[in-house]
Every structure is written in C-alpha cells, then in structure tokens.
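Each chain, letter by letter, is given below.
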Amino acid sequence: KAGVTQTPRYLIKTRGQQVTLSCSPISGHRSVSWYQQTPGQGLQFLFEYFSETQRNKGNFPGRFSGRQFSNSRSEMNVSTLELGDSALYLCASSPTGGSGENEQFFGPGTRLTVL
Amino acid sequence: SQQGEEDPQALSIQEGENATMNCSYKTSINNLQWYRQNSGRGLVHLILIRSNEREKHSGRLRVTLDTSKKSSSLLITASRAADTASYFCATVTRGSNYKLTFGKGTLLTVNP
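Residues numbered from 1 in each chain as written. Chains lettered and ligands numbered in written order. Predicted model: local features only at pLDDT ≥ 70, side-chain atom pairs only at ≥ 80, totals over all residues. Heavy atoms only, no water.

Looking now at the side chain of N31(B). Turning to its location among the elements, N31(B) is positioned in strand β4 (residues 29-37). Among the polar contacts listed, one links the side chain of N31(B) to the side chain of N30(B), at a separation of 3.4 Å. (Helix = DSSP H or I, 4+ residues; strand = E, 2+ residues; numbered from the N terminus. Polar contact = N/O pair within 3.5 Å; in protein donor to acceptor, adjacent residues only side chain to side chain.)

Quick look at the structure:
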C-alpha cells in the first residue's frame, strides 16, 4: 500500500496570505490527524477527522481549519498567515478509532515558511 | 501543553552501545506510544504499550511502562549509526477521546 502523501512538500508564503495543505491517507484509513511541529513548541495536535467529521481539536486559533472528504483525503487551511505559522505540518492516518487508539502513520510533512 | 516529557533531551553514544530514553507524564493514560523522526521528516511508529501492559519488545527495542510512577522507558540495544534520530513519546490521556499528545523528544546520536 502507498503511504501517507502530503502536498506540497515545501511552501513559501507572505504574512496575511492563506494556504491550503493536502493529505491523502493510506487506502482504507478513515482517521486523519494534523500536527504542527516547530523547534520551540515541538509537536502540537491541530485536529482529527474521522468519516468527514472533526472528532478532536487542539488549542489553535480559528485561523486554522480543516476538512475531510468522502474518500478520506483531508485538507487544512490557514488564513491570515503569521510569521509564527512557519512550521513543519504533519498529517497522520490510522485505520479506525481516535488518533491515539492505534499507531499513527505519518506523511513526510509540508514545510511552510512565512515571510 | 506537554503531557510527556522525555529525558535526556540529547544523548550521544558509540555504535554497539545501548541507549535508554525515559518519558514521564502527568495524568492517567490509555496508552503510550514511541515514535522516531529522522531529521525534519515524518514520524515512524515504534511501539504502542497500553496502560495494562508493563513491557513490550520489538526487535532491538524494549519499552517498559510503570503507571505507578507515570513513566516509560525505551531501550535500544546494540545501537547502529542508522538509529540516529529524535525519539518521541506520545500519550493518550484517559477521557481525551484518544487525542495523542507528544513530548519534546530525545535527540539520539550514534557515532560510528
């Protein structure tokens, strides 16, 4: 089976712009989670989607949003970008259950740089 | 906020030696997971240990869990240069709807 794929792999944006990141989970996986990784804050949970419904949400402002499609592919959107949004954004999928019930399979990440 | 805290933050050893990393957490867990991340890339799942388990093995990896001390350890035996990576523990707190919370990680360097 193909692994989790994320597009694009690298992205450069300027403050105030918005960005959409995409994640395709492993075939058959219904749970998709998103994480932000920065040197200062480490890995932080953004949200989890399961069967097109947001099941869990981390402590991020409303500028961060996401959605999941019927084929389990997921997108996350960040509006009005700030310098502090520069990070590696990781997507992970799992077959069933909550994001932590089983092992998570991670994609390679999207490196977002905000200038 | 971090639930799991790894110790040490960085560890440097020679090839062939064993590496031990520790993780402490604050509240009751459903399970605890260890992940590895090679520089700036995606995470790879290593082991999941549930709250009613005390020890698990996978190849050269051994994970222990002590719920009374709220701590876990990851032992890598006979380390190799390819084991150089950051290692993270992640906890699923009871009542969190299975949300996974990561620690800040231990950077392991294995010198050839």
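What follows picks up the thread again.
Backbone torsion omega between T7(A) and P8(A) reads -10 degrees, so that peptide bond is classified as cis. As for its position among the elements, P8(A) is in the loop between β1 (5-7) and β2 (10-13). With an omega of 0 degrees, the peptide bond running from D7(B) to P8(B) counts as cis. On the secondary structure map, P8(B) appears in the loop between β1 (5-7) and β2 (10-14).

Turning to the interface of chain B and chain A, a few remarks are in order. Each partner contributes residues to the interface: chain B has 21 residues there, and chain A has 22 residues. Between chain B and chain A, the buried area comes to about 1,700 Å², and carbon and sulfur atoms account for 50% of it. Our count for the chain B to chain A interface comes out at three residue pairs in polar contact (both at pLDDT 80 or more). Secondary structure elements with two or more residues in the side of chain B that touches chain A: β4, β5 (43-50), β9 (85-93) and β10 (100-102) of chain B. (Contact = heavy atoms within 4.5 Å. Buried area = accessible area lost by both parts, 1.4 Å probe.)

Before going further, it helps to examine the state of the cysteines. Following the criterion strictly, the structure yields two disulfides over all chains and no others. Each sulfur of the disulfide joining C23(A) and C91(A) lies 1.7 Å from the other. With the S-S bond torsion at -55 degrees, the cross-link from C23(A) to C91(A) turns out left-handed. Of this pair, C23(A) sits in strand β3 (residues 19-24) while C91(A) is found in strand β9 (residues 87-94), placing the two residues 68 residues apart along the sequence. Residue class for C23(A) comes out buried when judged on its relative accessible area of 0%. What makes C91(A) buried here is its relative accessible area of 0%. The disulfide bridge from C23(B) ends at C89(B), spanning 2.0 Å between sulfur atoms. Measuring the twist about the S-S bond at about 60 degrees, one finds the C23(B)-C89(B) disulfide to be right-handed. Of the two residues, C23(B) sits in strand β3 (residues 19-24) while C89(B) sits in strand β9, which places them 66 residues apart along the sequence. The class of C89(B) is buried, set by a relative accessible area of 0%. (Disulfide = S-S within 2.5 Å. Buried < 20%, exposed > 50% of the residue type's maximum accessible area, 1.4 Å probe, protein only.)

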